[in-house]
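# Per-entry structural report
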Amino acid sequence: MIPKQVAPADQRQPHPYVGMWVTADGHIRHNLLPNGRYDEARGNRESAYRGRYEVQGDDIFYWDDTGFTADGKFVEGVLHHAGMNLYRKK
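First, a word on what this report is: a plain description of the structure on this page. Quick caveat: nothing in here was measured; it's all calculated off a predicted structure. Every chain begins its residue count from 1, and numbering advances along the sequence as written. The model is predicted, so local features are restricted to residues of pLDDT at least 70 and side-chain atom pairs to those at 80 or more, both for listing and for counting; the totals for chains, interfaces and linings are taken over all residues. Side-chain calculation: all heavy atoms of the structure are included, whereas hydrogens and water are not.

With that out of the way, let us pick up the overall build of the protein chain. Helix numbering and strand numbering both begin at the N terminus, where a helix is a DSSP run of H or I of at least 4 residues and a strand a DSSP run of E of at least 2. A tally of regular secondary structure across the protein chain gives zero helices and eight strands. When the helices and strands of the protein chain are listed from N to C terminus, the series reads β-β-β-β-β-β-β-β. Burial classes follow relative accessibility: with a 1.4 Å probe on protein chains only, a residue under 20% of its type's maximum area counts as buried, one over 50% as exposed, and anything between as partly exposed. Considering the protein chain as a whole, with its 90 residues, one finds that 36% of them fall into the buried category. Only heavy atoms matter for contacts: two residues are in contact if any of them lie within 4.5 Å across the pair. The long-range share in the protein chain, meaning contacts at least 24 apart out of those at least 6 apart in sequence, stands at 36%. Reported accessibility uses the Shrake-Rupley method at a 1.4 Å probe radius. Residues are deemed covered only where the shown protein chains occlude them. Of the roughly 5700 Å² of accessible surface on the protein chain, 49% is carried by carbon and sulfur atoms.

For E40, the position within the fold is in strand β3 (residues 37-42). Here a polar contact is taken to be a pair of N or O atoms separated by no more than 3.5 Å, where protein atoms must pair a possible hydrogen donor with a possible acceptor and residues adjacent in sequence count only if both atoms sit in side chains. Within the structure, E40 has its side chain in polar contact with the side chain of R42 (distance 2.5 Å). Excluding residues within four positions of it along the chain, E40 makes contact with I28, R29, H30, S47, A48 and Y49.

Note on pairing: two strands pair once DSSP finds at least 2 bridges between them. One closed barrel holds the eight strands; their spatial order is β1-β2-β3-β4-β5-β6-β7-β8, and the pairing between them is antiparallel. With direction set aside, neighbouring strand axes in the sheet form an average angle of 30°. Two elements, strand β4 (residues 45-56) and strand β5 (residues 59-64), share six bridges in a ladder whose sense is antiparallel. Along β5, the bridge assignment pairs R52 with W63. Axis definition: a line fitted to C-alpha atoms, limited for helices to the stretch in contact. Angles are taken between N-to-C directions and run from 0 to 180 degrees.

This part is about the side chain of T23. Inspection of the secondary structure assignment puts T23 in strand β1 (residues 19-23). With relative accessibility at 10%, the residue T23 sits in the buried group. A polar side-chain atom of T23 sits 3.3 Å from the main-chain amide nitrogen of H27. In this structure T23 touches I28, M84, N85, L86 and Y87, once residues within four positions along its chain are discounted.

Below, the structure is given as structure tokens:
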């Protein structure tokens, strides 16, 4: 369930999960920015989706700029989101 109220991005410290997360084939790339925003690329389409995110423990909640919401979970260094596994890009 997505929380209804969160602190504004400028009042939070960057989370350790900030950075680039990619599928094994590199097709989907989530860039979790330190300001609480994300930018998702799909294949050759840069910035396919953008919005804000909130990390609570190992759970991540997304609010896309187009209005949809999504969530995911970090488990042992893997981001599980929408049936995909994303790995931190080194």
